[in-house]
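# Examining the three-dimensional arrangement
What follows is the residue order along each chain.
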Amino acid sequence: SYVLAVPSVHGDGSIVLTITRFAVTPDCNPRFNEQTGGLKGGDEQVVSISRDVGKTWSVPQRLPIPDDLRTGINAPVFERSGGQWMQVLERWKTWDDVAPLHIRGYAIFSSDQGKTWSRPMDLPWVTDTTRMHSHAQYQELPDGRIAGTHWTQTLGGQTNLGLGLAFASKDGRQWTD
């Protein structure tokens, strides 16, 4: 089953689709632990590419996310200058983790159109020990930078603190809020 598919159109006309999917089995629900807020494992994030306006698609390729890391996709694959790709993701807590919920963002990069990916790069607000920044939405600006809005809450999610806004440099590696 597919949870979310996020498309992007790149400079060569290809459509890059980033997908979160999971196997539907008798024990797949609930997906979140009511006691801990942790996410059940089994999701995978994949990328599929069409180079003919969606008539055919490549076999989905799994993003290199460790099996013990719970991750969600909420952004397209951004094509940066020089053809580098950037994928922004969110790190969720595992099923049995009793620590307060602390969703954190990170990015991975590919210089070969998604064949290989870099190690995760934490986004700057990951080190915030009092707030979490989640459910982010990202958009490329006309000048090539990326703007990201994120829901800001206290750790654990008990109190809403408003909408956060951050901007990435054109290469996606420096962020300011």
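The structure contained in this document is the topic of the report that follows. (Residues numbered from 1 in each chain as written. Predicted model: local features only at pLDDT ≥ 70, side-chain atom pairs only at ≥ 80, totals over all residues. Heavy atoms only, no water.)

This brings us to the nonpolar core. Formed by 15 residues in total, the largest nonpolar core has its most connected members in M86, V88, A107, L123, Y138, I146 and W175. Secondary-structure elements contributing two or more residues to this core are β5 (70-79), β6 (85-92), β7 (104-110), β9 (131-140) and β11 (160-168). Core analysis: the next-biggest nonpolar cluster, separate from the first, contains 14 residues, I73, V77, Y106 and W117 among them. (Core = buried A, V, L, I, M, F, W, Y, C linked by side-chain atoms within 4.5 Å. Buried < 20%, exposed > 50% of the residue type's maximum accessible area, 1.4 Å probe, protein only. Helix = DSSP H or I, 4+ residues; strand = E, 2+ residues; numbered from the N terminus.)

All right, on to the pattern of salt bridges then. Under the definition given, this model contains 7 salt bridges. Note that R21 and E44 form a salt bridge whose closest N and O atoms lie 2.6 Å from each other. Remark: E44 occurs in strand β3 (residues 44-50) and R21 occurs in strand β2 (residues 15-21); sequence separation between them is 23 residues. Accessibility expressed as a relative area gives 22% for E44, which makes it partly exposed. D122 is the partner of R91 in a salt bridge, and the nearest nitrogen-oxygen pair spans 2.9 Å. Here R91, found in strand β6, pairs with D122, found in strand β8 (residues 121-122); they are 31 residues apart in sequence, far enough to count as distant. A network of salt bridges, in which partner residues are shared, links R21, E44 and R62. (Salt bridge = Lys/Arg side-chain N within 4 Å of Asp/Glu carboxyl O.)

You will see that Q113, though not glycine, has its phi angle at about 55°, which is positive. Residue placement: Q113 occurs in the loop between β7 and β8. The backbone phi angle of H135 is positive, close to 50°, even though this residue is not glycine. Of note, H135 is situated in strand β9. Its relative accessible area of 41% is what places H135 among the partly exposed residues.

Before going further, it helps to spend a moment on the sheet that holds β11. As summarised here, the arrangement of the 4 strands in space is β9-β10-β11-β12, forming an open sheet in which the pairing is antiparallel. Unpaired on one side and paired on the other, β9 and β12 (175-176) mark the two borders of the sheet. With 8 bridges connecting them, strand β10 (residues 146-154) and β11 associate as antiparallel partners. Among the inter-strand pairings, I146 is bridged to a residue of β11, identified as A168. (Pairing = 2+ DSSP bridges.)

Attention now goes to the environment of L4. Relative to the helices and strands, L4 resides in strand β1 (residues 2-9). As for L4 and L17, which are separated by 13 residues in sequence, their C-alpha atoms are 10.0 Å apart.

Right, let's talk about the pairing of β11 for a bit. Linking β10 to β11, which pair antiparallel, is a turn of 5 residues; within it G156 sits at a positive phi near 90°. Inspection of the sheet shows β11 paired to β12 by 2 bridges, in the antiparallel sense. Counted as the bridge partner of F167 is T176 from β12. The loop that links β11 with its antiparallel partner β12 comprises 6 residues; one of these, G172, has a positive phi angle of about 80°.

A separate point is the sheet that holds β8. Taken in spatial order, the 4 strands of this open sheet run β5-β6-β7-β8, and their pairing is antiparallel. Of all strands in the sheet, those with a lone pairing partner are β5 and β8, marking the two edges. As paired elements, β7 and β8 share 2 bridges and run antiparallel to each other. In the strand pairing of β8, A107 is matched with M121.

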